[in-house]
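What follows is each chain in one-letter form.
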Amino acid sequence: MITIRQLVMSMVLVVTTLLLVFLLIDGWTSKFHFQTIHMVALWSDHTSGPLTSRFAPTSGLPETTDSILDHFNMERIHQIRNITREHFGPKRNIIDFKDIDVFLKKCNPASFTLLNSTGEPCDVTHTRVKHYRTCAVVGNGGILLDSGCGAEIDAHEFVIRNNLPPTVPYAKDVGRKTNLTTINLTKVQAVCADLNLEATKLGAFCTDLSLEATKSGAVWTDLNARKSGAVCTDLNARKLKAVCVAAKNRSAIRDKEEEEERRRATLTRLRESPGMIFSYSLSTVGSSGQSKLRAIDRVIRDNKIPVTLAFSHQSAMSNKGLYRKLAGKRWRLPSTGMNTFALASTFCDQISMYGYYPLPTYNNRNVSYHYYDQGGYSPNHKMEEEYAMFQGFHNQGIIRLVIGKCHSD
């Protein structure tokens, strides 16, 4: 006959066994789900049409809307963050430029460890980036035009943009706020040229006028020799030289005025975002980027612009293996926007993405690649594959991908 003691022990054993089984199943399910994250990104564009902004109210902070709060899946967000933090992080990729010299002296750029150490992290640098609950990652896509998303974008705690795009003329659609802008090599070269008054264009344009006159004289010699001989040739060569000098002086003045206008425009754009972090995302150490950043930093300080210049310990392009983990792809040239998302995921809880739409049409209207010009993207970028990954992440609640108009629910 079974005693009460035996019955109790049997019940305890059954309950314990069931708990262990549930824990094992839960762990296996989480692992399986984690491994399939990138697969959803690959086929999501085949299972859903173009995304709309049904989770995109324009009134009030986005994080106060129940539908948006419900959209985000924090478990999956943390899973993605665990991956991206292996490759990115503000302490390594958004370093205050004022620390460049101590970084070069004391740290190994490739490993971000202290020199002559057993692998201790480089702890002599600083970053102004903290951790944020809501972030807007704003691309430059023409899909933003007539979107009315400006107020919603500016309502986020932290706003990230790419390559210092114009904002004020398009504020209704793209917002004004910029806390961080990441820049690539092309943009840093353009900014350096616009800000640095020691540019050599003027000197190159007016180089060796006597050589120009000699070339022009040779042309006139051939022409006038047929007409009235060497005397006329010498006279006209001198006249042509005078005309050439005057024309070049006028062109030089125009060039100077254009340079001044570009300089003023760039300084104005930087002043429009006080407190902004202006971060170069490619290799700084041992590259031409370092000297260009020093020139930009000098102009920012001389003009007392409240902007922080920043650099990365190594190029964002060295993290290509990350996207094999996220999307099952090994993109040769991830876009600036893709790298910006990966970086943002390391310090933002809820990311809403705007202006990421690479297709030429939307709802039967043409869409330019940029909202501010007619530029295109390099065929080396796999924009449609990147977009498919973002669609998959939206569907899983990892990000919120806003396409189309922002409106109040």
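The residue count restarts for each chain, going from 1 along the sequence in the order it is written. With the structure being a predicted model, the display of local features is reserved for residues of pLDDT at least 70 and the display and counting of side-chain atom pairs for 80 or more, all residues being used for whole-chain, interface and lining totals. The side-chain numbers reported here are obtained from all heavy atoms of the structure, hydrogens and water having been left aside.

Q: I keep staring at the overall build of the protein and nothing clicks. Help me out?
A: In terms of regular secondary structure, the protein is built from 16 helices and 12 strands. Buried, partly exposed and exposed residues are distinguished by accessible area as a fraction of the type maximum, computed with a 1.4 Å probe on protein chains only: under 20%, between the cut-offs, and over 50%, respectively. Residues counted as buried form 46% of the 409 residues belonging to the protein. Residue contacts follow a heavy-atom distance rule, with two residues in contact if any of their heavy atoms lie within 4.5 Å. Long-range pairs, those at least 24 residues apart, make up 74% of the contacts in the protein between residues at least 6 apart in sequence. In DSSP terms, a helix is any run of H or I states spanning at least four residues, a strand is any run of E spanning at least two, and both are numbered starting from the N terminus.

Q: Before we go on, may I ask you to explain the packing of helix α9 (residues 185–195) against helix α13 (residues 288–302) in this structure?
A: Relative placement of two packed helices is described by the angle separating their axes and the distance separating the axes. Axis angles are defined between N-to-C directions and span 0 to 180 degrees, where every axis is a line fitted to C-alpha atoms and, for a helix, only to the segment in contact. Contact geometry for α9 and α13: axes closest at 9 Å, N-to-C directions at 45 degrees. Taken together, the axes of α9 and α13 are oblique relative to one another. Here α9 runs over α13; the crossing is left-handed. The residues of α13 that touch α9, namely those facing Val188, Gln189, Val191, Cys192 and Leu195, are Lys292, Leu293, Ala295, Ile296 and Val299. Here the contact of α9 with α13 is composed, by residue class, of eight nonpolar, one polar and one charged. Here the word oblique covers every angle except those under 35 degrees (roughly parallel), over 145 (roughly antiparallel) and from 65 to 115 (roughly perpendicular). Crossing handedness is defined as follows: a turn of the near helix away from the far one that is anticlockwise and smaller than a right angle gives a left-handed crossing, while the clockwise case is right-handed. Asp, Glu, Lys and Arg are counted as charged, while Ala, Val, Leu, Ile, Met, Phe, Trp, Tyr, Cys and Pro are counted as nonpolar; the rest, among them Gly, fall into the polar class.

Q: When you look at the state of the cysteines in this model, what are you seeing that I'm missing?
A: Disulfides are covalent bonds that link the sulfur atoms of two cysteine residues. In this description, the term disulfide denotes a pair of cysteine sulfurs within 2.5 Å. Tallying each qualifying case throughout the model produces three disulfides. Here Cys107 connects covalently by a disulfide to Cys122, the sulfurs 2.0 Å from one another. With the S-S bond torsion at 70 degrees, the cross-link from Cys107 to Cys122 turns out right-handed. Highlighted residues: Cys107 in strand β2 (residues 107–108) and Cys122 in the loop between β3 (113–114) and β4 (132–138), separated in sequence by 15 residues. Each sulfur of the disulfide joining Cys135 and Cys348 lies 2.0 Å from the other. Residues Cys135 and Cys348 are joined by a disulfide whose S-S torsion is about -80 degrees; by sign, that bridge is left-handed. Of the two residues, Cys135 is situated in strand β4 and Cys348 in strand β9 (residues 348–354); the sequence distance between them amounts to 213 residues.

Q: Would you mind going over α9 with me for this structure?
A: Owing to its 3.6 residues per turn, the α-helix brings residues three or four apart onto one side. By the burial criterion, the buried members of α9 are Val188, Val191, Cys192, Asp194 and Leu195. Mapping the buried residues of α9 onto a view down its axis gives an arc of 165 degrees, with all of them on the same face. At the N-terminal end of α9, a side-chain oxygen is found 3.3 Å from the backbone nitrogen of Thr186, two or three residues along, and the residue is Asn184. The arc in question is formed by the directions pointing from the helix axis toward the C-beta atoms. Definition of a polar contact: a pair of N or O atoms within 3.5 Å, with one able to donate and the other able to accept a hydrogen when the atoms are protein atoms, and with sequence-neighbouring residues admitted only if both atoms are side-chain atoms.

Q: How should unusual backbone geometry be read in this particular structure?
A: What is expected of a backbone is that most residues other than glycine have negative phi and most peptide bonds are trans. We note that Asp146 has phi near 65 degrees; this positive angle belongs to a residue other than glycine. Relative to the elements of secondary structure, Asp146 occurs in the loop between β4 and α7 (150–154). The exposed category is assigned to Asp146, whose relative accessible area is 54%. With a phi angle near 50 degrees, Leu164 is a residue other than glycine that sits in the positive phi range. Mapped onto the secondary structure, Leu164 falls in the loop between β5 (158–162) and α8 (171–174). We classify Leu164 as buried; its relative accessible area is 7%.

Q: How should the layout of surface pockets be read in this particular structure?
A: The rolling of a water-molecule-sized probe over the atoms marks out the regions of remaining empty space. Using a grid of 1 Å spacing that covers the protein atoms alone, one calls a set of points a cavity when a 1.4 Å probe fits there but cannot get out, and a pocket when the set is open and has protein on both sides within 12 Å along at least five of seven lines; lining residues are those with an atom within 4 Å of a point. Grid points are joined across faces, edges and corners, and a volume is the space filled by probe spheres set on the points. Within this model, the largest pocket holds a volume of roughly 1,000 Å³. Elements represented by at least two residues in the lining of the largest pocket include exactly α9, α12 (229–271), β7 (277–283), α15 (336–344) and α16 (383–395).

Q: Is there a simple way to explain the pattern of salt bridges in this structure?
A: Side-chain pairing between opposite charges can occur once the charged atoms of the two side chains come close. Should a side-chain nitrogen of Lys or Arg be within 4 Å of a carboxyl oxygen of Asp or Glu, the pair is scored as a salt bridge. Taken as a whole and assessed by the stated rule, the structure comprises 11 salt bridges. Asp194 is the partner of Arg262 in a salt bridge, and the nearest nitrogen-oxygen pair spans 3.3 Å. One end of the pair, Arg262, is in helix α12; the other, Asp194, is in helix α9, and 68 residues separate them in sequence. For the salt bridge of Arg301 with Asp297, the shortest nitrogen-to-oxygen distance reads 3.0 Å. With Arg301 and Asp297 both in helix α13 and four residues apart, the pair spans about one turn of that helix. Relative accessible area serves as the criterion here: at 53%, Arg301 is assigned to the exposed category.

Q: What am I meant to see in the confidence of the model for the protein here?
A: Atomic detail in the predicted coordinates should be set aside for any region of low pLDDT. Of the residues in the protein, 71% reach a pLDDT of 70 or more, and the chain-wide mean stands at 79. Summary of the metric used: pLDDT quantifies the predictor's per-residue confidence within the range 0 to 100. Ignoring residues within four places in sequence, the model shows residues 25–64, a span with pLDDT below 50, making 86 contacts including any to other chains. For the stretch residues 197–229, pLDDT sits under 50, and the model shows 29 contacts to residues farther than four places along the chain or on other chains.

Q: What is the right way to look at the sheet that holds β4 in this model?
A: Neighbouring strands of a sheet are bound in pairs by backbone hydrogen bonds; such pairs are parallel or else antiparallel. By this definition, two strands are paired if DSSP reports at least two bridges between them. Spatially, β1-β8-β7-β6-β5-β4-β9-β12 is the arrangement adopted by the eight strands of the open sheet, whose pairing is mixed. This sheet does not close on itself; its edge strands, each paired only once, are β1 (95–96) and β12 (400–402). Relative to β9, β4 runs parallel, the two being bridged by six bridges. Bridging across to β9, Tyr132 finds its partner in Cys348. Those strands touched by α16 are β9 and β12, and its axis lies near 120 degrees from that of β12.

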